[in-house]
Amino acid sequence: MLANNIILIGFMGSGKTSVGIRLAEKIGYNFKDTDEMIVAQEGIDIQKIFLKYGEDMFRNLESTLLLSIMDTLNKTVLSTGGGIPIRDRNVNLLRLMGQVIYLRASKSTVIDRLSGDTTRPLLKVDNLDERVEKLLLARTAIYERAADVIINTDGKTIDEIVKEILL
Ligand code: S3P
């Protein structure tokens, strides 16, 4: 495996997919997204996977996917589901795959970007503020520890974030 890949991690709504697509275009890399690959593989969307099999099973699908793609990635920007770094073994794989970039977003940025979103099962709650705060609290240190580079995305456009990654 060549470690010439860029791995984007971060919370839901941090811009991993939009930034990843733009970044890949700019540097002539392939773009891949773990959620998209899981949906394609399972033939149902993420919400249905959670409903039908539960979160633990989804986490297993994520870990299995990482193992199955790690040797195939080459010049790829990989956008990862926000929960992937929860498992240490996933972090170890991501770090073998390439440079890990954490797109950091504050609670208010996440809420601005995701209020009204219906595609993320973990955010289908009455009190979005409380849920995002709780998940950010549990995950921020995990993202920071997993990252080679941390980029703050609050108040920045996709192009500005891409530019910063390429500095
Ligand atoms: C999740 C993030 C989602 C998706 C799933 C769970 C999480 O991906 O994998 O809904 O646990 O943070 P995005 O980070 O692309 O929204």
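Residues numbered from 1 in each chain as written. Predicted model: local features only at pLDDT ≥ 70, side-chain atom pairs only at ≥ 80, totals over all residues. Heavy atoms only, no water.

Notes on the packing of aromatic side chains
In this description, a pair of aromatic rings is defined by centroid distance and the angle of the planes. Basically, it comes down to this: For Phe, Tyr and Trp, where Trp contributes only its six-membered ring, two rings pair if their centres lie within 6.5 Å, and the inter-plane angle classes them as stacked under 30 degrees, edge-to-face over 60, or tilted in between. When accessible area is computed with a 1.4 Å probe and restricted to protein chains, residues below 20% of their type maximum are described as buried, those above 50% as exposed, and intermediate ones as partly exposed. Secondary structure follows DSSP: runs of H or I at least 4 residues long count as helices, runs of E at least 2 residues long count as strands, and numbering of each begins at the N terminus.
Summed over the entire model, instances satisfying the criterion amount to two aromatic pairs. Note on F50 and F58: the rings are 5.0 Å apart at their centroids and 40° apart in plane angle, and the pair reads as tilted. As far as the burial class goes, F50 and F58 line up, both buried. With a centroid separation of 5.1 Å and an interplanar angle of 35°, the aromatic rings of Y102 and Y143 are classed as tilted. One end of the pair, Y102, is in strand β4 (residues 99–104); the other, Y143, is in helix α7 (residues 128–146), and 41 residues separate them in sequence. For the pair Y102 and Y143, a shared accessibility class is recorded, and that class is buried.

Describing the pattern of salt bridges
The line we're drawing: A pair is scored as a salt bridge if a Lys or Arg side-chain nitrogen falls within 4 Å of a carboxyl oxygen belonging to Asp or Glu.
A complete count under the given rule lists 10 salt bridges for this structure. A salt bridge links D159 to R22; its shortest N-O distance comes to 2.7 Å. Taken together, the positions of D159 in helix α8 (residues 158–166) and R22 in helix α1 (residues 16–27) put the pair 137 residues apart, joining distant regions of the chain. The exposure class of D159 is partly exposed, given its relative accessible area of 44%. When salt bridges with common partners are traced through the structure, they connect E55, R59 and E62 into a single cluster.

Structural notes on the site of the ligand
Convention followed: Here, proximity means that at least one heavy atom of the residue falls within 4 Å of the molecule or strand. N or O atoms within 3.5 Å of each other form a polar contact, as long as, within protein, one can give a hydrogen and the other can take it, and as long as residues adjacent in sequence are counted only when both atoms are side-chain atoms. Throughout, the ten residues Ala, Val, Leu, Ile, Met, Phe, Trp, Tyr, Cys and Pro are labelled nonpolar, Asp, Glu, Lys and Arg are labelled charged, and all others, Gly among them, are labelled polar.
Residues in close proximity to the ligand total 14 residues, the closest being K16, D35, R59, R120 and R139. At 2.6 Å from an oxygen atom of the ligand is found a side-chain nitrogen or oxygen belonging to R59. R120 places a polar side-chain atom, nitrogen or oxygen, 2.6 Å from an oxygen atom of the ligand. For the shell around the ligand, the element with the most residues is helix α4 (residues 55–69), which contributes three residues. Broken down by class, the residue content of the shell around the ligand amounts to five nonpolar, three polar and six charged.

Section: α1
Put simply, the rule is: Expected span of a helix, by definition, is 1.5 Å for each gap between consecutive residues, and there is one gap fewer than residues.
For α1, spanning 12 residues, the distance from its first C-alpha to its last is 16 Å, which sits close to the expected 16 Å at 1.5 Å a residue. Positive phi appears at G28, one or two residues downstream of α1, with a value of about 70°.

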